[in-house]
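Listed here are the chains, written in short residue letters.
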Amino acid sequence: MTVHSQWLLLGAGLVLLFFLSLFTGRMDIVPADVVGWIWQWMHEGSLQASPKSLVFFDVRLPRSLTAALAGTGLAVSGAVYQGLFRNPLVSPDILGVSAGCAFGAAVGLVLPGTHFGIIRILAFALGLSAVGLAAGIARAVAVRPVLVLILSGLVVTSLFNAMLMLLKYTADPYSQLPAIVFWVMGSLHRAAWNDVQLISPVVLLGLTGIHLLRFKLNVLSLGDVQATSLGLNPRVYRIFFITISSLMVAVTVSACGQIGWIGLVIPHMARTWVGPDHRVMLPVTALMGGTFLLGADMAARNLTSAELPVSILTALIGGPLFAFLLYRNRARG
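All chains use their own residue numbering, which begins from 1 and follows the written sequence. Thresholds applied to this predicted model are a pLDDT of at least 70 for local features of residues and 80 or more for the giving and counting of side-chain atom pairs; totals over whole chains, interfaces and linings are not thresholded and use all residues. Each side-chain value is worked out from all heavy atoms of the structure, with water and hydrogens disregarded.

(A) A look at the overall build of the protein. If you tally the helices and strands in the protein, you get 14 helices and 0 strands. Numbering goes from the N terminus for both helices and strands, where a helix is a DSSP run of H or I of at least four residues and a strand is a run of E of at least two. In sequence order, the protein lays out its α and β elements as α-α-α-α-α-α-α-α-α-α-α-α-α-α. Two things to know: the radius of gyration comes from C-alpha atoms, and the globule rule equals 2.2 Å times the number of residues to the power 0.38. A globule of 333 residues ought to have a C-alpha radius of gyration of about 20 Å, and the protein, at 21 Å, matches this closely. Along the longest, intermediate and shortest principal axes, the C-alpha atoms of the protein span 65 × 55 × 40 Å. Exposed residues in this analysis have more than 50% of their type's maximum accessible area, buried residues have under 20%, and partly exposed residues fall in between, with area computed by a 1.4 Å probe over protein chains only. Relative to its 333 residues, the protein shows a buried fraction of 48%. Residues count as neighbours in contact if any of their non-hydrogen atoms are within 4.5 Å of one another. In the protein, 75% of the contacts between residues at least 6 apart in sequence involve partners at least 24 apart. Surface accessibility in these figures is a Shrake-Rupley result with a 1.4 Å probe; residues are shielded only by whichever protein chains are displayed. For the protein, the accessible area works out to roughly 15,800 Å², and carbon and sulfur atoms hold 70% of it. Measuring between centres, the 20 positive side-chain charges of the protein sit 15 Å from its 11 negative side-chain charges. Counting rule for charge: Lys and Arg are taken as positive, Asp and Glu as negative, and neither His nor the chain ends is counted. Where a charge lies is defined by one atom per residue type: Lys uses NZ, Arg uses CZ, Asp uses CG and Glu uses CD.

(B) Fine view of the nonpolar core. Nonpolar cores are built from buried Ala, Val, Leu, Ile, Met, Phe, Trp, Tyr and Cys residues. Side-chain atoms within 4.5 Å join them into one set. Within the largest apolar cluster, 91 residues are counted, with the highest numbers of intra-cluster contacts made by V76, F85, L95, I210, I242 and I262. If one sorts the elements of this core by residue count, helix α3 (residues 51-85) sits on top with 14 residues. Setting aside its immediate chain neighbours within four residues, V76 contacts L207, I210, M248, L282, T285 and A286.

(C) Spatial organisation of the side chain of S311. Here S311 lies in helix α14 (residues 310-328). Overall, S311 belongs to the buried group, its relative accessible area being 13%. Setting aside residues no more than four positions away along its own chain, S311 makes contact with M185, G186, Q258 and I259.

(D) Representation of the layout of surface pockets. Of the voids in this model, the second largest pocket is the one considered here, and its volume is about 470 Å³. Put simply, the parts of the chain that give the lining of the second largest pocket at least two residues each are α5 (116-141), α6 (145-170) and α11 (234-256). For the lining of the second largest pocket, the element with the most residues is α11, which contributes 7 residues. Buriedness of a pocket was judged along seven lines, with at least five required to meet protein on both sides within 12 Å; pockets are open sets of points on a 1 Å grid over the protein atoms alone, cavities are sets where a 1.4 Å probe fits but cannot get out, and lining residues have an atom within 4 Å of a point. Grid points are joined across faces, edges and corners, and a volume is the space filled by probe spheres set on the points.

(E) View of α5. Multiplying 1.5 Å by the residue count of a helix minus one yields the expected span of that helix. The terminal C-alpha atoms of α5 lie 38 Å apart, and with 26 residues this matches the ideal 38 Å at 1.5 Å per residue to within 8%. Of all the positions in α5, only I119, R120, A123, G127, A130, V131, A134 and A138 are classed as buried. Here the buried face of α5 lies against α4 (97-110), α6, α7 (176-185), α8 (193-212) and α11. Positive phi appears at A142, one or two residues downstream of α5, with a value of about 60°.

(F) Structural detail: the packing of α3 against helix α13 (residues 278-300). The contact between α3 and α13 brings their axes to 7 Å, and the two run at 140°. What the angle tells us is that α3 and α13 run oblique. Between α3 and α13 lies a crossing whose hand is right-handed. Residue-level inspection shows R63, S64, A67, A68, A70, G71, T72, A75, V76, A79, V80 and G83 of α3 in contact with α13, the latter providing H278, M281, L282, T285, A286, G289, G290, L293, L294 and D297. What counts as an axis is a line fitted to C-alpha atoms, over the stretch in contact for a helix, and the angles between N-to-C directions run from 0 to 180 degrees. Working definition: roughly parallel below 35 degrees, roughly antiparallel above 145 degrees, roughly perpendicular at 65 to 115 degrees, and oblique for all remaining angles. Note: crossing handedness is left-handed where the near helix turns anticlockwise from the far helix by less than a right angle, and right-handed where it turns clockwise.

(G) Just α4, in detail. In a regular helix each residue adds 1.5 Å, so 14 residues correspond to 20 Å; α4 covers 20 Å between its end C-alpha atoms and thus fits that length. Extensive coverage of α4 is indicated by the burial of 11 of its 14 residues. Among the residues of α4, V97, S98, A99, G100, C101, A102, F103, G104, A105, A106 and G108 are the ones counted as buried. Buried residues belonging to α4 abut α5, α6, α7 and α11.

(H) Quick look at the packing of aromatic side chains. Centre distance within 6.5 Å is the pairing criterion for rings of Phe, Tyr and Trp, where only the six-membered ring of Trp is used; planes under 30 degrees apart are then read as stacked, over 60 as edge-to-face, and the remainder as tilted. Applying the stated rule across the entire model yields 9 aromatic pairs. An angle of 40° between the planes, with centres 5.7 Å apart, marks the rings of F23 and F56 as tilted. Remark: F56 occurs in helix α3 and F23 occurs in the loop between α1 (3-22) and α2 (31-44); sequence separation between them is 33 residues. F56 matches F23 in its accessibility class, with the two residues each being buried. Here a set of aromatic residues connected by ring pairs shows up, and it is made of F19, F23, W37, F56 and F57.

(I) Local environment of the pattern of salt bridges. Salt bridge, as used here: a side-chain nitrogen of Lys or Arg that lies within 4 Å of a carboxyl oxygen of Asp or Glu. According to the stated counting rule, one finds 6 salt bridges in the structure shown. Between E307 and R63 there is a salt bridge, and its shortest N-O distance comes to 2.6 Å. Of this pair, E307 sits in the loop between α13 and α14 while R63 sits in helix α3, and the two are 244 residues apart along the sequence. With a relative accessible area of 30%, E307 lands in the partly exposed category. Since its relative accessible area comes to 6%, R63 is described here as buried. Where D277 meets R279, a salt bridge forms, and the shortest distance between an N and an O atom there is 2.8 Å.

(J) Up close: the environment of R139. Looking at the element boundaries, R139 is found in helix α5. Separated by 103 residues in the primary sequence, R139 and G36 place their C-alpha atoms 59 Å from one another.

Just geometry here; none of it tells us what the structure is for.
Structure, rendered in structure tokens:
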């Protein structure tokens, strides 16, 4: 199978699953209903609101778009980090961005009268602050930058997780604490058009920049000495890839909460299928990530009468899947 046929196959699967997600749920909506609404809008210039049309256009459509964008951004960020740090166990939260976002959202949930938009702004701002703090620590040490940056991320993650636990301890156990716990677990039940407008520019521009320079990751994954000998400035491109990836993770986590395993498992799946060449692997990772989170979100809202946080399903699926990939690739080193 050629590279382009692989991309077409995965793209067709993503589109098909996206289409199915729009018509899957507790309210029965069929494609004929959507055709009728579009026909009415084209001929009358407006759409007469109904419960079904509101659910389709204001709930399912933005939710499916958010799931596809978030899954794509998290998966590609994980693949970039793994290639950049030459570590197959790296995930998008390695530099503390997820922990910073979680703490920022918790601060917003604890503050009285805080609007949900302010909560997301706080999550995004503190997520980026966590990355900046990790980078600052690494710059101050200035020894073996890649290794020190990973260790700095672990320090920052521990710091923000400790502050998050402190907020949980002091929060009102009847209102604030359940809200913090549910947000940290990650869910798409609040997804709306505001989230699509927030996520889509960052993720799409980030994916475009990474795609155009994805061959640089092949050089960076060889190490700084080899990259320099090949005429590449490792520091400049490392800053670029870390900045773009961290922005995508921060904007996704600030809108959806912490959704784990996608950035760790999906790059391994793509690497197992098409190999480690980032020129081929990154597009496959992007399509797989969007498909995976769309499928998990469909299951989260249809498996039980009460909607499950999607992060529970990504962990239940991602953990065994990662173990299977480890077993399958045991002879590859």
